[in-house]
Amino acid sequence: MAGYNKVAETASTKRMLVCGHRGDRVRTPEQTLPAFVEAVRAGADAIELDVQWTKDQRMVLMHDRTVDRTTWSTGPVTDMTYAEIRACDAGSWFGPQFRGAQVPALEEVLAFGARYRGLLINVEIKNPQLTEAQARACLDALDAAGVGHRTIVSSFDPPALAIFRSVDTQGRVRSGLISH
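Keep in mind that what you see is a predicted model, and the values were worked out from it rather than measured. (Residues numbered from 1 in each chain as written. Predicted model: local features only at pLDDT ≥ 70, side-chain atom pairs only at ≥ 80, totals over all residues. Heavy atoms only, no water.)

Engineer: Could you clarify how one ought to interpret the overall build of the protein in this entry?
Structural biologist: Broken down by element type, the protein carries five helices and seven strands. Over its C-alpha atoms the protein spans a radius of gyration of 16 Å, differing by no more than 12% from the 16 Å that the globule rule assigns to 180 residues. When the backbone C-alpha atoms are referred to their principal axes, the protein occupies close to 45 × 35 × 30 Å. For the protein, buried positions account for 49% of its 180 residues. Within the protein, counting contacts between residues at least 6 apart in sequence, those at least 24 apart form 55% of the total. (Helix = DSSP H or I, 4+ residues; strand = E, 2+ residues; numbered from the N terminus. Rg over C-alpha atoms; globule rule 2.2 N^0.38 Å. Buried < 20%, exposed > 50% of the residue type's maximum accessible area, 1.4 Å probe, protein only. Contact = heavy atoms within 4.5 Å.)

What follows is the structure, given as structure tokens:
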């Protein structure tokens, strides 16, 4: 499948798992609900998404530090409010049929993922200066959706993972470092 990462070969089944990286970003605009819907429809075993915090501390899905590449707007995610991010058209750049697609909140995608009991979720933290409050909000969102047991929280930033692990005192969610 184009646009998918092969995640792991499971020991018991010798079966390769397929992950929709940012959803199905070949057929749909990345990091949008249509992208995750299409990834599941296409048979993905897992979805990967990137989370960042807005100026008013809401968790939204955005790979880049700015909204420039995947919306009609410009500017850093951290300088925009949730309302400003939601007002961005995240689909027109990809195709007219996706006009009006929104940048989703993390909670929306977790609620979607919760409907598919076998779906694994990889939440990549894109904030190298992650605070305890932000880490707790992410953990609370995973708990509220009931998907923590099938989620891995990952990051390229060891300090962000250390903060996440410090608030996940019971080790409810797996977490790991992504390296180049």
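Engineer: How do you make sense of the packing of helix α1 (residues 33-41) against helix α3 (residues 106-114) when you look at a structure like this?
Structural biologist: To describe two helices that pack against each other, one gives the angle between their axes and the distance between the axes. Two elements in contact, α1 and α3, have axes separated by 11 Å at closest approach and are oriented at 20°. By the criterion of interaxial angle, the relationship of α1 to α3 is roughly parallel. As α1 runs across α3, the sense of the crossing is right-handed. On α3, the residues touching Leu 33, Phe 36, Val 37 and Val 40 of α1 are Glu 108, Val 109 and Phe 112. When the residues that make up the contact of α1 with α3 are grouped by side-chain class, the tally is six nonpolar, no polar and one charged. (Axes fitted to C-alpha atoms, helices over the stretch in contact; angles between N-to-C directions. Parallel < 35°, antiparallel > 145°, perpendicular 65-115°, else oblique. Left-handed = near helix turned anticlockwise from the far one by under 90°. Nonpolar A, V, L, I, M, F, W, Y, C, P; charged D, E, K, R; others polar.)

Engineer: Mind showing me how you'd approach unusual backbone geometry here?
Structural biologist: Excluding glycine, most residues fall at negative phi; most peptide bonds, likewise, are trans. For Arg 22, which is not glycine, the phi torsion reads 65° and is therefore positive. In this structure, Arg 22 sits in the loop between β2 (16-21) and α1. The phi angle at Gln 57 is positive, at roughly 65°, despite the residue not being glycine. Tracing the backbone through its elements, the reader meets Gln 57 in the loop between β3 (46-53) and β4 (59-61).

Engineer: Looking at this model, I keep getting lost on the packing of aromatic side chains. Mind explaining?
Structural biologist: Ring pairs (aromatic) are described by centroid distance and by the angle formed between their planes. All told, the structure shown has three aromatic pairs when counted by the stated rule. Measuring from ring centre to ring centre gives 5.5 Å for Trp 93 and Phe 94, while their planes differ by 85°; the resulting arrangement is edge-to-face. For Phe 94, a relative accessible area of 26% gives the class partly exposed. The interplanar angle of 75° and the centroid separation of 5.6 Å between the aromatic rings of Phe 94 and Phe 98 together place this pair among those described as edge-to-face. (Phe/Tyr/Trp six-rings, centres within 6.5 Å; stacked < 30°, edge-to-face > 60°.)

Engineer: Explanation requested: the pairing of strand β7 (residues 174-177) in the structure shown.
Structural biologist: A regular strand places its side chains so that they alternate between the two faces of the sheet. Sheet topology note: the strand β6 (residues 151-155)/β7 ladder contains four bridges and is parallel. Paired with Ser 155 across the two strands is Leu 177, which belongs to β7. In this fold, β6 hands off to helix α5 (residues 158-167), which returns the chain to β7; that crossover is right-handed. (Pairing = 2+ DSSP bridges. Right-handed = clockwise from strand over helix to strand, strands pointing away.)

Engineer: What is the right way to read α1 from this model?
Structural biologist: Structurally, the α-helix is built with 3.6 residues per turn, so residues lying three or four positions apart point the same way. Buried within α1 we find Ala 35, Phe 36, Glu 38, Ala 39 and Val 40. One or two steps after α1, the chain reaches Gly 43, where phi turns positive at roughly 100°.

Engineer: Before we go on, may I ask you to explain the pairing of β3 in this structure?
Structural biologist: Burial within β3 is extensive, with eight of its eight residues counted as buried. On β3, burial covers both faces: Ala 46, Glu 48, Asp 50 and Gln 52 on one face and Ile 47, Leu 49, Val 51 and Trp 53 on the other are all buried. One ladder, built from three bridges, connects β2 with β3; its direction is parallel. If you follow His 21 over to β3, its bridge partner there is Glu 48. In this structure, β3 lies alongside strand β5 (residues 120-125), joined through six bridges in parallel fashion. Within β5, the position partnered with Ala 46 by the bridge is Leu 120. Between β3 and β4, which pair antiparallel in sequence order, lie five residues; one of them, Gln 57, sits at a positive phi of approximately 65°.

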